[in-house]
Structure formats: C-alpha cells, structure tokens
Amino acid sequence: MVTIELNNLDNLDSSDIKIGVKALIEELQKIQEDNKELVEEIEKLQEDNKEKFNNSEDEIMKQRDNYAKLELKYSNQKDDIDSLIKENNHLNRVKEDLEEKIDKLVIIDN
C-alpha cells in the first residue's frame, strides 16, 4: 500500500508523482480484482441460497401434501371405525335379543 504524507506533496517531482500514481492505480486494480472475486462469491452464495430455498419450498409443499393425505386417511379410518362401532352395537343388541329368546325357549321347553 502506498502512503504519501500530505505535507510532503510540495517536495515531490513529477517522477515521484508518476510512481505514486502508478502504485495507486495498481492498488486500485488489486482492490477491483478482490471486489470482483467477492462479488462472484456473493453471487454463488446467493444462487446456492436460492436453490436451498427452492428445495425447502418444494419440501414444505410435499410435507403439506403428505399431511393432507394423512388427514384424509385418518378421517376415512375414523368414519370406518364409527361405522364398525355402530354395526357392532347393533349386532350386540341382536345377540342379546337372540340370547333372551333362547332363554325363553329353554324355559318353555322345561
């Protein structure tokens, strides 16, 4: 890095100024190259983040779809269970009714 004290500027000749300007230009070019590399790194990171974000969005959508399917499946199974419980209750009543009739027939037979 080139450092020139301001109070010495009056004592510089044109060759010193040319050397200083050339050094400053080289330093600026190096800084520009470093900045260019940083910009490229930032752009790559942004692209990577965008890709991860898109993948995350896709994953979220898949999970939502899976959840909706599971919710529907649960609802259908609950309906099936409710129906089976009703049918079981009905069959239990029929069984009790038949057992009573059998008991009455056994009593009548005796």
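Residues numbered from 1 in each chain as written. Predicted model: local features only at pLDDT ≥ 70, side-chain atom pairs only at ≥ 80, totals over all residues. Heavy atoms only, no water.

Help me understand the overall build of the protein chain, please; the structure alone is not making it clear to me.
A tally of helices and strands in the protein chain yields one helix and zero strands. Per-residue burial over the protein chain gives 1% buried out of 110 residues. (Helix = DSSP H or I, 4+ residues; strand = E, 2+ residues; numbered from the N terminus. Buried < 20%, exposed > 50% of the residue type's maximum accessible area, 1.4 Å probe, protein only.)

What should I look at first to understand the pattern of salt bridges in this one?
Any two side chains of opposite charge can pair, given that their charged atoms come close. Tallying each qualifying case throughout the model produces five salt bridges. Across the pair Lys-30 and Asp-34 runs a salt bridge, and its minimum N-O distance is 3.3 Å. One end of the pair, Lys-30, and the other, Asp-34, are both in helix 1 (residues 14-109), four residues apart, so they sit about a helical turn from each other. You can call Lys-30 partly exposed: its relative accessible area is 49%. For Asp-34, a relative accessible area of 32% puts it in the partly exposed group. (Salt bridge = Lys/Arg side-chain N within 4 Å of Asp/Glu carboxyl O.)

Just checking my understanding: could you explain a negative patch on the surface for this structure?
Residues Glu-33, Glu-37, Glu-40, Glu-41 and Glu-43 make up a contiguous surface patch of negative charge. By secondary structure assignment, the location of Glu-40 is in helix 1. (Patch = residues over 30% accessible without salt bridge, like charges linked within 9 Å, V, L, I, M, F, W, Y side chains within 5 Å. Areas by Shrake-Rupley, 256 points an atom, 1.4 Å probe, with all protein chains shown as cover. Lys, Arg positive; Asp, Glu negative; His and termini not counted. Charge placed at Lys NZ, Arg CZ, Asp CG, Glu CD.)

By themselves, these are just geometric observations and shouldn't be taken as functional.
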